[in-house]
Amino acid sequence: MEFSLPKLDRVKQRTQLSRLNRGIVEQTDLPTRGRYQDQFDNLEKHTQWGIDVLEKYIKFVKERTEIEISYAKQLRNLSKKYQPKKNSKEEEEYKYTSCKAFLATLNEMNDYAGQHEVISENMTCQITAELARYVQELKQERKSHFHEGRKAQQHIETCWKQLEASKRRFERDCKEADRAQQYFEKMDADINVTKADVEKARSQAQLRHQMAEESKGEYSSILQKFNHEQHEHYYTHIPNIFQKIQDMEERRIVRIGESMKTFAEVDRQVIPIIGKCLDGITKAAESIDQQNDSQLVIEAFKSGFEPPGDIDFEDFTQPMKRTVSESSLSNSRGDGKSEPKFGGKSKGKLWPFIKKNKGGGPEDFSNLPPEQRRKKLQQKVDELNRDIQKEMDQRDALTKMKDVYIKNPQMGDPASVDHRLAELGQNMEKLRLEVQKFEGWLAEVEGRLPMRTEQTRRQSGLYETQNTSAVNNCAQDRESSPDGSYTEEQSQESEMKVPATDFDDEFDDEEPLPTIGTCKALYTFEGQNEGTISVAEGEMLYVIEEDKGDGWTRIRRNEDEEGYVPTSYVEVYLDKNAKDVSQITSENL
């Protein structure tokens, strides 16, 4: 039995094969396949740029914290620089309200600097450290998302390659089946071909057709699978990955916005405290009391002297009484007053050739006005009492140590501290004597003790004894110093001692200077130097030379005693008040 395919069926089969091939090509033509890969590249660049922006902001905040730390350090150094040094003159100045206000300002500035340190610390903890940690997490998340995207892309690429291979195999099988069918038709139409050859060609055509059908089924199955995978890829996997990347990027944007808010909030948190610092400065400024400061200056520098009395009219038309008996002058001196230290050939040569003591003044501060002297003596007494207290504390500590050594000989020798205890006892005794001495002077100034006698009068050492060679030259060299003492600039020749010559005798033969008035001693003055004379408070004396502007007045007690005293220590009565000393004493005492 001869087998042959109907001609119509063969044409139809070829048509179906061609149509199937054409449909497959149309379905697998995917023009949008590479577009998502391009988007992944763009997103990868954009997200990396976002991380760079975040790191740039972290660097900005870090530099801001460094500036705050540096500014705080400079403010602290500035405050420390102008703080008063302990045990210095500057510390004494801070008793004035203006200086106290300045000290309060320095302290407030120190607190102000502390707030900038708080800003730096909070920005470091709340922004820099947190963002640095977040950047690391962001990099890991970004890496994970793009790895997932590349993995999905590789999967769809693999599916696409499988589909291409299946398509090419189906196409090849269809072409083989078509050629086998054409060969069979050719053999069937040829009358010279044996039946066996025709059957063989038929079998081959059927086999090829069967293989094409199988390739078609396989290709169709793979195509359906690919279409499903492709749909999942483009409508599920890739959108999910893109959404994760979008969420990640939006969180980054939100995070940097929150950091900027924190940046402002850190500053805002310290504003109330900074405001309190500024309020403290304002309050300190308002506490300045100019009247109080002025009163402190008055208390610090007031001398205690009484203002001088009115200057009497000098009537040159009346004869002046210039003679005085020695006995009357002697009787005018108060009881217990010291005898004059200068006598003999003192008249005519008594000039205050005085140089300031290089030791810094007498021990009892007698060179100072009464009020200033009282303050200095009080300060000295307080200082000595503090020293005594320190010595007592050391003694008590050593005594306790000695007791411990006695109870526990292995800890030390009790006799080892005896020498030091003896030294402390001697030191305390010396300090107590010093305190008694200064308290005596203080009591005298405050009027608690009677006036001292010559035997108890201390040697002040305010001035250095100095001989001169010529009276007229030394008078011109005399000049006053700011503290009321007097200094002079002399050559080496004037500082040398000059022996007595006939030149001195010429002055001895001179007539004594006439008296031009009288004076009353307001304070006790000890004339310890050549050219000066000692006077007692309330004593009446004669004036023989007025103050020439150098702060000294020349007075006379009797024919053999005359010299200079500070003008501020006496009250002068000129002309009409120049009367007998005994009368003046009876009128004023």
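This text goes with the structure placed above it.
Residues numbered from 1 in each chain as written. Predicted model: local features only at pLDDT ≥ 70, side-chain atom pairs only at ≥ 80, totals over all residues. Heavy atoms only, no water.

## A few points about the overall build of the protein
Within the protein, the regular secondary structure consists of 13 helices and nine strands. For the protein, the residues scored as buried account for 35% of the 589 residues in total. Partitioning the contacts of the protein with sequence separation of at least 6, the portion at a separation of at least 24 is 78%. Accessible area for the protein stands at about 36,100 Å²; split by element, carbon and sulfur atoms hold 51% of it. (Helix = DSSP H or I, 4+ residues; strand = E, 2+ residues; numbered from the N terminus. Buried < 20%, exposed > 50% of the residue type's maximum accessible area, 1.4 Å probe, protein only. Contact = heavy atoms within 4.5 Å. Areas by Shrake-Rupley, 256 points an atom, 1.4 Å probe, with all protein chains shown as cover.)

## Here we look at the nonpolar core
Core analysis: the biggest nonpolar cluster contains 29 residues, and Leu54, Tyr57, Met123 and Ile127 have the highest contact counts within it. Contributing elements (two or more residues each) for this core: α2 (35–81), α4 (97–189) and α5 (195–286). Sort the elements by how many residues they give to this core and α4 lands first, with eleven residues. Those residues in contact with Leu54 that lie beyond four places of it in its chain are Leu131, Tyr134, Val135, Leu138, Arg252 and Ile256. (Core = buried A, V, L, I, M, F, W, Y, C linked by side-chain atoms within 4.5 Å.)

## A word on the sheet that holds strand β8 (residues 561–566)
The sheet built from five strands is open, its strands ordered β8-β7-β6-β5-β9 with antiparallel pairing. Lying at the two open borders of the sheet, with one neighbouring strand each, are β8 and β9 (570–574). With strand direction ignored, the average angle separating the axes of adjacent strands in the sheet is 40°. Pairing geometry for strand β5 (residues 517–521) and strand β6 (residues 540–545), over four bridges, is antiparallel. Across the sheet, Gly517 pairs through a bridge with Val543, a residue of β6. (Pairing = 2+ DSSP bridges. Axes fitted to C-alpha atoms, helices over the stretch in contact; angles between N-to-C directions.)

## Some thoughts on the environment of Asp547
One can find Asp547 in the loop between β6 and β7 (552–558). Since its relative accessible area comes to 30%, Asp547 is described here as partly exposed. In terms of polar contacts, Asp547 uses its side chain to reach the side chain of Thr567, at 3.0 Å. (Polar contact = N/O pair within 3.5 Å; in protein donor to acceptor, adjacent residues only side chain to side chain.)

## Side note on the environment of Val53
One can find Val53 in helix α2. Exposure remark for Val53: the relative accessible area of 24% places this residue in the partly exposed category. Excluding residues that lie within four positions of it along the chain, Val53 makes contacts with Arg252 and Ile256.

## Some details on α5
Between its terminal C-alpha atoms α5 stretches 133 Å, which fits the 136 Å expected from 92 residues at 1.5 Å a residue. When the local axis directions of α5 are compared, the greatest deviation, roughly 40°, occurs at His233. (Expected span 1.5 Å × (residues − 1). Bend = angle between axes of the 7 residues up to and from the residue.)

## Quick word on the side chain of Thr553
Residue placement: Thr553 occurs in strand β7. Judged by relative accessible area, which is 2%, Thr553 ranks as buried. A polar contact is formed between the side chain of Thr553 and the side chain of Thr567, at a distance of 2.9 Å. Look past the residues within four positions of Thr553 in its chain and what remains in contact with it is Val543, Glu545, Asp547, Gly563, Tyr564, Val565 and Thr567.

## Some thoughts on the pattern of salt bridges
Taken as a whole and judged by the stated rule, the model has 27 salt bridges. Arg133 serves as the salt-bridge partner of Glu130, at 2.5 Å between the closest nitrogen and oxygen. Placement of both Glu130 and Arg133 in helix α4 is noted, with a separation of three residues, approximately one turn of the helix. On the basis of relative accessibility, which here comes to 31%, the residue Glu130 falls in the partly exposed class. Owing to a relative accessible area of 42%, Arg133 belongs among the partly exposed residues under this scheme. Overlapping salt bridges, with partners in common, bring together Glu545, Arg554, Arg556 and Glu562 in one network. (Salt bridge = Lys/Arg side-chain N within 4 Å of Asp/Glu carboxyl O.)

## Remarks on the environment of Leu522
Examined against the element boundaries, Leu522 turns out to sit in the loop between β5 and β6. Judged by relative accessible area, which is 22%, Leu522 ranks as partly exposed. Counting along the chain gives 17 residues from Leu522 to Glu539, while the straight-line C-alpha distance between them is 8.1 Å. Apart from the residues within four sequence positions on either side, Leu522 is in contact with Glu537, Ser568, Tyr569, Val570 and Glu571.

## A few points about the packing of aromatic side chains
A complete count under the given rule lists eleven aromatic pairs for this structure. Look at Tyr57 and Phe60: their rings are 5.8 Å apart centre to centre, the planes differ by 40°, and that puts the pair in the tilted class. Remark: Phe60 and Tyr57 occur in helix α2; sequence separation between them is three residues, near one turn of the helix. On the basis of relative accessible area, Tyr57 is assigned to the buried category, the value being 9%. For Phe60, a relative accessible area of 42% puts it in the partly exposed group. (Phe/Tyr/Trp six-rings, centres within 6.5 Å; stacked < 30°, edge-to-face > 60°.)

## Brief notes about the packing of helix α8 (residues 370–407) against helix α9 (residues 418–445)
Between α8 and α9, the shortest axis-to-axis distance is 9 Å and the interhelical angle comes to 160°. It follows from the interaxial angle that α8 and α9 lie roughly antiparallel. Note that α8 runs across α9; the crossing there is left-handed. Tallied by class, the residues present in the contact of α8 with α9 amount to 16 nonpolar, five polar and twelve charged. (Parallel < 35°, antiparallel > 145°, perpendicular 65-115°, else oblique. Left-handed = near helix turned anticlockwise from the far one by under 90°. Nonpolar A, V, L, I, M, F, W, Y, C, P; charged D, E, K, R; others polar.)

## Regarding the side chain of His145
Within the secondary structure, His145 sits in helix α4. Residue class for His145 comes out buried when judged on its relative accessible area of 9%.

## Some thoughts on a nonpolar patch on the surface
Together, Leu78, Tyr82 and Phe102 give the surface a local cluster of nonpolar side chains, amounting to about 280 Å² of exposed area. Here Tyr82 lies in the loop between α2 and α3 (89–93). (Patch = residues over 30% accessible without salt bridge, like charges linked within 9 Å, V, L, I, M, F, W, Y side chains within 5 Å.)

## Thoughts on the pairing of β8
Look at any regular strand and the pattern is simple: side chains alternate between the two faces of the sheet. In terms of burial, β8 is largely enclosed, as six of its six residues are buried. The alternating pattern of β8 places Glu561, Gly563 and Val565 and Glu562, Tyr564 and Pro566 on opposite faces, both of which are buried. In this structure, β7 lies alongside β8, joined through six bridges in antiparallel fashion. Residue Asn558 lies in a different strand from β8, and its bridge partner there is Glu561. In this structure, the hairpin formed by β7 and β8 is closed by a connection of two residues.

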